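# Chains, contacts and geometry: an overview
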Amino acid sequence: DDTCQSFNYVGINEINNQFSFDISPNPSNGKFQLTTNNEQRTTMKISNILGEEIYKSAVRRQQQEIIDLSIHPEGTYIVTITNGEATVTKKIVVVR
């Protein structure tokens, strides 16, 4: 039997490819630009390596936003953006 079956799976990577953001420059002196391609309103949260939230903001659709962490110490920070359906997390390093 030469039956051909087709399967279409949606995985986590595929969902994340539809919703993403960029951080530049990284590493940064504390000021960086966040650019998102999201079509929905999102929430951005930045936490220090201990998990303490130091910044929170609503991000509009397809927006570039300047974030200033220069009052915070050098180190690694976790940037998490959630749009209600997916969550994407990236790291930023602050060095001076």
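The structure reproduced in this document is the subject of the present report. Everything quoted here is computed from the prediction, not taken from an experiment. (Residues numbered from 1 in each chain as written. Predicted model: local features only at pLDDT ≥ 70, side-chain atom pairs only at ≥ 80, totals over all residues. Heavy atoms only, no water.)

Right, let's talk about the sheet that holds strand β3 (residues 42–48) for a bit. The sheet built from four strands is open, its strands ordered β4-β3-β6-β7 with antiparallel pairing. Of all strands in the sheet, those with a lone pairing partner are β4 (53–59) and β7 (87–94), marking the two edges. When the angles between neighbouring strand axes are averaged without regard to direction, this sheet yields 20°. (Pairing = 2+ DSSP bridges. Helix = DSSP H or I, 4+ residues; strand = E, 2+ residues; numbered from the N terminus. Axes fitted to C-alpha atoms, helices over the stretch in contact; angles between N-to-C directions.)

Attention now goes to the environment of Val-95. The residue Val-95 is located in the segment after β7 in this model. A relative accessible area of 42% places Val-95 in the partly exposed class. Residues Val-95 and Ser-28 lie 67 residues apart in sequence; the distance between their C-alpha atoms is 6.1 Å. Beyond its immediate sequence surroundings of up to four residues, Val-95 is in contact with Pro-27, Ser-28, Asn-29 and Glu-74. (Buried < 20%, exposed > 50% of the residue type's maximum accessible area, 1.4 Å probe, protein only. Contact = heavy atoms within 4.5 Å.)

All right, on to the sheet that holds strand β1 (residues 21–24) then. Spatially, three strands are ordered β1-β2-β5 in an open sheet, and the strand pairing comes out antiparallel. Each edge of the sheet is formed by a strand with only one pairing partner; in this case those strands are β1 and β5 (64–68). The average angle at which neighbouring strand axes cross in this sheet is 25°, direction not considered. As paired elements, strand β2 (residues 31–36) and β5 share five bridges and run antiparallel to each other. Looking at the pairing, Lys-31 lines up with Asp-68 of β5.

We now examine the side chain of Ser-47. Mapped onto the elements, Ser-47 comes out in strand β3. Since its relative accessible area comes to 9%, Ser-47 is described here as buried. Beyond its immediate stretch of four places on either side in the chain, Ser-47 contacts Glu-52, Glu-53, Ile-54, Tyr-77 and Ile-78.

The side-chain alternation of β1 yields one buried face, formed by Phe-21 and Ile-23, and one unburied face, formed by Asp-22 and Ser-24. Two strands pair when backbone bridges link them, and β1 and β2 are joined in this way by four bridges, in the antiparallel orientation. Each residue of the ladder has a partner; that of Asp-22, found in β2, is Thr-35. From the end of β1 to the start of β2, which pair antiparallel, there are six residues, and Gly-30 there has a positive phi angle of about 125°.

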